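These are the residues of each chain, in order.
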There are 2 protein chains.
Amino acid sequence: MSDDAHTLIAARLRGSGQSYTPGRRVLVESLVRAGRPTTMAELLSLSPGLAQSSAYRNLVDLESIGVVRRVPGGGDLSRYELSEDIIGHHHHMICTVCGVVEDFRLPTTAENRLETGLIEALGRAGFRAGAHRVDVFGTCAGCDLAADPADAAV
Amino acid sequence: MSDDAHTLIAARLRGSGQSYTPGRRVLVESLVRAGRPTTMAELLSLSPGLAQSSAYRNLVDLESIGVVRRVPGGGDLSRYELSEDIIGHHHHMICTVCGVVEDFRLPTTAENRLETGLIEALGRAGFRAGAHRVDVFGTCAGCDLAADPADAAV
DNA sequence: CTACTTGCAAATGCTTTGCAGGAGA
DNA sequence: TCTCCTGCAAAGCATTTGCAAGTAG
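Reading the values: the criteria
- Residues numbered from 1 in each chain as written.
- Chains lettered and ligands numbered in written order.
- Predicted model: local features only at pLDDT ≥ 70, side-chain atom pairs only at ≥ 80, totals over all residues.
- Heavy atoms only, no water.
- Pairing = 2+ DSSP bridges.
- Helix = DSSP H or I, 4+ residues; strand = E, 2+ residues; numbered from the N terminus.
- Axes fitted to C-alpha atoms, helices over the stretch in contact; angles between N-to-C directions.
- Near = heavy atom within 4 Å.
- Polar contact = N/O pair within 3.5 Å; in protein donor to acceptor, adjacent residues only side chain to side chain.
- Nonpolar A, V, L, I, M, F, W, Y, C, P; charged D, E, K, R; others polar.
- Expected span 1.5 Å × (residues − 1).
- Buried < 20%, exposed > 50% of the residue type's maximum accessible area, 1.4 Å probe, protein only.
- Arc of directions from axis to C-beta.
- Contact = heavy atoms within 4.5 Å.
- Buried area = accessible area lost by both parts, 1.4 Å probe.
- Salt bridge = Lys/Arg side-chain N within 4 Å of Asp/Glu carboxyl O.
- Least-squares fit on C-alpha atoms with pLDDT ≥ 70 in both.
- Parallel < 35°, antiparallel > 145°, perpendicular 65-115°, else oblique.
- Left-handed = near helix turned anticlockwise from the far one by under 90°.

A.B. asks: So what's going on with the sheet that holds strand β6 (residues 128–139) of chain B? Residues and values would help.
C.D. replies: Strand order in this open sheet of 6 strands is β5(A)-β4(A)-β6(A)-β6(B)-β4(B)-β5(B), and the pairing throughout is mixed. With partners counted over all chains shown, the strands left at the sheet margins are β5 (101–104) of chain A together with β5 (101–104) of chain B, one partner each. Between one strand and the next, the sheet's axes are offset by a mean angle of 30°, whatever the strand orientation. Pairing analysis gives 9 bridges linking strand β6 (residues 128–139) of chain A to β6(B), with the strands arranged antiparallel. Bridging across to β6(B), Asp135(A) finds its partner in Arg133(B).

Structure representation (structure tokens):
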């Protein structure tokens, strides 16, 4: 996957008169390594030597060519992830204890039913539905155990 | 609905040693009048004479007692709405043209299927699922017509 | 040579906070 | 009188931008 993704990204950048610079590559690789929506602080620590302003600017560039997406998390900090073109359609679970955001996928049938339901419900309101996002709040495995260690004994 | 809501809000405020002041009431009434997630700028224009800092502070207070909820919209601005305790469970459609955010409801069966699907999919990941939010991006009726006036002739 | 990138530092804009006066119990 | 609430102005903070130097084609 990684190789194809880099080729795609390089092509899209070239298509808009930009190039796949080391700064951009390290950002993309940090996003791949993180494997989940990542805050700027995390990205910077994963991308040593990259100036913050460059990171912001590159993320804007990558977003404008559909390689990166900015997603809202639980708190106030923006998070960044690779676009669904690259990592596929998915949703987010947000731990209300530690704030981490992880990806998850809905089984295809559930996903299809949801999409159909949304198009129907919104069509009635005169709204032409496109993409959707689903965020689930709850407790991640680690925080769940920490909160109720008895579960660990089972 | 309004009367009950105000009673509930007053009770919750009292319960935490606060009172339902005019500033808080005008905010709640602005949210009711708006009928959809509202930006600070909109709230202030709907609440003449209320200082911005008071608005922010009161929204924090109302949020902490579960009367108001802050929701992410399409852009960078925070939006505020009455909590689901008061206006019921619903989701958001976000117009990618004008940025407006409107509420919509999923039919009960679709909603139940979604919830079941989420709990199942997340349980497998060790995540204890609680509340969820669904946001749909698309074009609202007004922007859709503006973009393609031919539709109006049908 | 020309256009794109970068880092630094300064600016921006939303949100939060300090403080002193005012109002309610 | 004591605590809560308010407005104003001053921070705070994540993000954006100006600018001058560096780099690739």
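Still to come is the rest of the account.
A.B. asks: I'd like a description of the protein's contact with DNA strand D, backed by residues and values.
C.D. replies: Not every one of the 20 residues close to DNA strand D is listed here, only the nearest: Tyr56(A), Thr21(B), Arg24(B), Ser54(B) and Arg57(B). Here, DNA strand D places atoms within 4 Å of the protein, and 63% of those atoms are sugar or phosphate. The contact in question runs from a phosphate oxygen of DNA strand D to an N or O atom on the backbone of Gly49(B), over 3.0 Å. With respect to DNA strand D, the side chain of Asn58(B) contributes an N or O atom lying 3.1 Å from a phosphate oxygen. Residue composition of the surface near DNA strand D, grouped by class: 4 nonpolar, 12 polar and 4 charged.

A.B. asks: Can you tell me about helix α6 (residues 108–123) of chain A, naming the residues and giving the values?
C.D. replies: When the terminal C-alpha atoms of α6(A) are compared, their 22 Å separation across 16 residues agrees well with the 22 Å that a helix rising 1.5 Å per residue should span. Among the residues of α6(A), those classed as buried are Ala110(A), Glu111(A), Leu114(A), Gly117(A), Leu118(A), Ala121(A) and Leu122(A). For α6(A), the angular spread of the buried residues around the axis is 130°, confining them to a single face. α6(A) presents Thr108(A) and Thr109(A) as exposed residues on the side facing more than 90 degrees away from its buried surface. Buried residues along α6(A) sit in contact with β4 (91–95) and β6 of chain A together with β4 (91–95), β5, α6 (108–123) and β6 of chain B.

A.B. asks: I'd love a proper account of the protein's contact with DNA strand C, names of residues and values included.
C.D. replies: Surveying the vicinity of DNA strand C reveals 20 residues, the closest of which are Ser19(A), Arg24(A), Ser54(A), Arg57(A) and Tyr56(B). Sugar and phosphate atoms represent 60% of those atoms of DNA strand C found within 4 Å of the protein. Between Ala51(A) and DNA strand C, the recorded distance is 3.2 Å, taken from a backbone N or O atom to a phosphate oxygen. At a separation of 2.3 Å, a phosphate oxygen of DNA strand C approaches a polar side-chain atom of Tyr56(B). Mapped by element, the contributors of at least two residues to the surface near DNA strand C are α2 (22–34) and α4 (52–64) of chain A together with α4 (52–64) of chain B. Partitioning the surface near DNA strand C into residue classes produces 4 nonpolar, 12 polar and 4 charged.

A.B. asks: Quick one: what's the story with the pairing of strand β2 (residues 68–72) of chain B, residue by residue and with numbers?
C.D. replies: For a regular strand, side-chain orientation follows a simple rule: the groups alternate between the two sheet faces. All names here are of chain B. Sheet topology places β2 next to strand β3 (residues 78–82); 5 bridges connect them, and they run antiparallel. Each residue of the ladder has a partner; that of Val 71, found in β3, is Arg 79. What sits between the antiparallel neighbours β2 and β3 is a turn of 5 residues.

A.B. asks: Lay out the interface of chain A and chain B with the relevant residues and their values.
C.D. replies: Opposite the 36 residues of chain A that make contact, chain B presents 36 residues. Of the roughly 2,900 Å² buried between chain A and chain B on both sides combined, carbon and sulfur atoms contribute 62%. Summed over the three residues of chain A that lose the most area to chain B, namely Phe127(A), Arg128(A) and Arg133(A), the buried surface amounts to 23% of that side. On the surface where chain A and chain B come into contact, there are 6 salt bridges. There are 14 residue pairs in polar contact (both at pLDDT 80 or more) connecting chain A and chain B. For the side of chain A that touches chain B, the secondary-structure elements that each account for two or more residues are β2 (68–72), β4, α6, β6 and α7 (141–147) of chain A. Partitioned by chemical class, the residues of the side of chain A that touches chain B number 20 nonpolar, 7 polar and 9 charged.

A.B. asks: Before we move on, could you go through the relation of the copies chain A and chain B and cite the residues and values that matter?
C.D. replies: The operation relating the two chain copies consists of a rotation about an axis and a shift along that axis. Aligned on chain B, chain A shows an RMSD of 0.0 Å; the corresponding rotation is 180° and the shift along the axis is 0.0 Å. Here the two chains are linked by the operation of a two-fold rotation axis. Taking C-alpha positions as reference, the residue of chain A nearest the rotation axis is Val134(A), located at 2.3 Å. Interface residue correspondence from chain A to chain B reaches 100%, placing this contact among same-surface, isologous pairings.

A.B. asks: Could you give me a rundown of the packing of helix α1 (residues 2–15) of chain B against helix α2 (residues 22–34) of chain B, with the residues and numbers involved?
C.D. replies: Axis angle and axis distance: for two packed helices, these are the angle between their axes and the distance between the axes, and together they describe the pair. All names here are of chain B. The contact between α1 and α2 brings their axes to 12 Å, and the two run at 140°. Considering their axes alone, α1 and α2 lie oblique with respect to each other. For the pair α1 and α2, the crossing hand works out as right-handed. Taken together, the residues of α2 that come into contact with α1 (itself represented by Ser 2, His 6, Ile 9 and Leu 13) are Arg 24, Arg 25, Val 28, Glu 29 and Val 32. Grouping the constituent residues of the contact of α1 with α2 by class yields 4 nonpolar, 2 polar and 3 charged.

A.B. asks: Describe the pairing of strand β3 (residues 78–82) of chain A, listing the residues and the values that go with them.
C.D. replies: Residue and element names in this part refer to chain A. Most of β3 sits out of view: 4 of its 5 residues are buried. When strand β1 (residues 38–39) meets β3, the two strands line up antiparallel, connected through 2 bridges. For Thr 38, the partnering residue across the bridge sits in β3 and is Tyr 80.

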